[in-house]
Amino acid sequence: LSIVAPSIIDYGTPEQVEQYAMPILRGELTACLGMSEPGAGSDLAALSCRAVLEGDEWVITGQKVWTSGANYADFCFLFCRTDPDAPKHKGISIVLVPMDTPGITVRPLPEIVHPDEPDLNEVFLDEVRVPAANLVGELNNGWAMANGSLAHERGMVWVTAVMGLEAAVET
């Protein structure tokens, strides 16, 4: 809600806004954010999940980890490498990937506090095919879009902190 929907509104096509962002805002769809990877952690520029354009489809192969809500999300706002020959901070794109697409495996990571209700997951993508139209924003401009997307998250963290402080002062 605080990252994916505003990012699609900022960078997506009118069709993506209607099909993905607005249903999130209405509570009809849920999304997960596919950024972190094994071996790369939170270093988005080191990602290795690849999307290759074949005809009118993206073919995606790779792995994500610490993906909050992937086990119940309807789709993933997936960061992937679309130009493996580009410098580290370039050649990254964002693709919208429905989580029921063949080739996706989600493995919840049990948590100590709530082992029966995991929120963090590993996501495996094995030649997952999605329409080329699922590309968000400009091809190979994912690094710039990530900075914009994460600004939404930082803004929500700040608003939440202020609201909590106000509530504490009122009591």
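Here, every reference points to the structure presented above.
Just so it is clear, the model here is predicted, and its values are computed rather than measured.

Visitor: Kindly report on the overall build of the protein, identifying the contributing residues and their values.
Guide: Broken down by element type, the protein carries three helices and eight strands. Listing each helix as α and each strand as β along the protein from the N terminus yields α-α-β-β-β-β-β-β-β-β-α. Taking all 171 residues of the protein together, 40% fall into the buried category. Intrachain contacts of the protein at a sequence separation of at least 6 include 67% that bridge at least 24 residues.

Visitor: Pulling in residues and values, what's your account of the packing of aromatic side chains?
Guide: One pass over the full model with this rule turns up two aromatic pairs. Each ring, one from Tyr 20 and one from Phe 75, has its centre 4.6 Å from the other, and the planes form 65 degrees; the classification is edge-to-face. Taken together, the positions of Tyr 20 in helix α2 (residues 14-25) and Phe 75 in strand β4 (residues 75-81) put the pair 55 residues apart, joining distant regions of the chain. You'll find Tyr 20 and Phe 75 in the same group, each marked buried. Ring geometry for Phe 77 against Phe 79: centres 5.7 Å apart, planes inclined by 75 degrees, an arrangement best described as edge-to-face. Note on accessibility: Phe 77 and Phe 79 belong to one class, buried.

Visitor: Talk me through the pattern of salt bridges; I want residue IDs and the actual numbers.
Guide: Enumeration according to the criterion identifies six salt bridges in this entry. Residues Arg 129 and Glu 57 are paired through a salt bridge, measuring 3.0 Å at the closest nitrogen-oxygen approach. Residue Arg 129 is located in strand β7 (residues 121-131), and its partner Glu 57 is located in strand β3 (residues 57-64); the two are separated by 72 residues in the primary sequence. Through salt bridges with shared partners, a single ionic network connects Glu 54, Glu 57 and Arg 129.

Visitor: Pulling in residues and values, what's your account of the packing of helix α1 (residues 4-11) against α2?
Guide: Each pair of packed helices can be summarised by the angle the axes make with each other and by the distance between the axes. Between α1 and α2, the least distance of the axes is 9 Å, while the angle of their chain directions is 155 degrees. Classified by the interaxial angle, the pair formed by α1 and α2 is roughly antiparallel. Crossing of α1 against α2: the hand is left-handed. Counted together, Val 4, Ala 5, Ile 8 and Ile 9 of α1 and Gln 16, Val 17, Tyr 20, Ala 21, Ile 24 and Leu 25 of α2 form the full contact between these two elements.

Visitor: Quick one: what's the story with the environment of Met 35, residue by residue and with numbers?
Guide: On the secondary structure map, Met 35 appears in the loop between β1 (31-34) and β2 (50-54). The class for Met 35 is buried, based on a relative accessible area of 15%. Each C-alpha atom of the pair Met 35 and Thr 67 lies 7.6 Å from the other, and the pair is 32 residues apart in sequence.

Visitor: Explain the side chain of Lys 64 to me, using residue names and the numbers behind them.
Guide: Structurally, Lys 64 is set in strand β3. Within the structure, Lys 64 has its side chain in polar contact with the side chain of Glu 37 (distance 2.8 Å). With sequence-adjacent residues up to four places away left out, Lys 64 is seen in contact with Gly 34, Met 35, Ser 36, Glu 37, Pro 38, Leu 47, Cys 49, Leu 78, Phe 79, Asn 121, Glu 122 and Val 123.

Visitor: Report on the pairing of strand β5 (residues 92-98), specifying residues and quantitative values.
Guide: The buried fraction of β5 is high, at six of seven residues. Both β5 and strand β8 (residues 135-136) contribute to a ladder of two bridges, which runs antiparallel. Its bridge partner being in β8, Ile 94 is matched across the sheet by Val 136.

Thresholds, definitions, all that
- Residues numbered from 1 in each chain as written.
- Predicted model: local features only at pLDDT ≥ 70, side-chain atom pairs only at ≥ 80, totals over all residues.
- Heavy atoms only, no water.
- Helix = DSSP H or I, 4+ residues; strand = E, 2+ residues; numbered from the N terminus.
- Buried < 20%, exposed > 50% of the residue type's maximum accessible area, 1.4 Å probe, protein only.
- Contact = heavy atoms within 4.5 Å.
- Phe/Tyr/Trp six-rings, centres within 6.5 Å; stacked < 30°, edge-to-face > 60°.
- Salt bridge = Lys/Arg side-chain N within 4 Å of Asp/Glu carboxyl O.
- Axes fitted to C-alpha atoms, helices over the stretch in contact; angles between N-to-C directions.
- Parallel < 35°, antiparallel > 145°, perpendicular 65-115°, else oblique.
- Left-handed = near helix turned anticlockwise from the far one by under 90°.
- Polar contact = N/O pair within 3.5 Å; in protein donor to acceptor, adjacent residues only side chain to side chain.
- Pairing = 2+ DSSP bridges.

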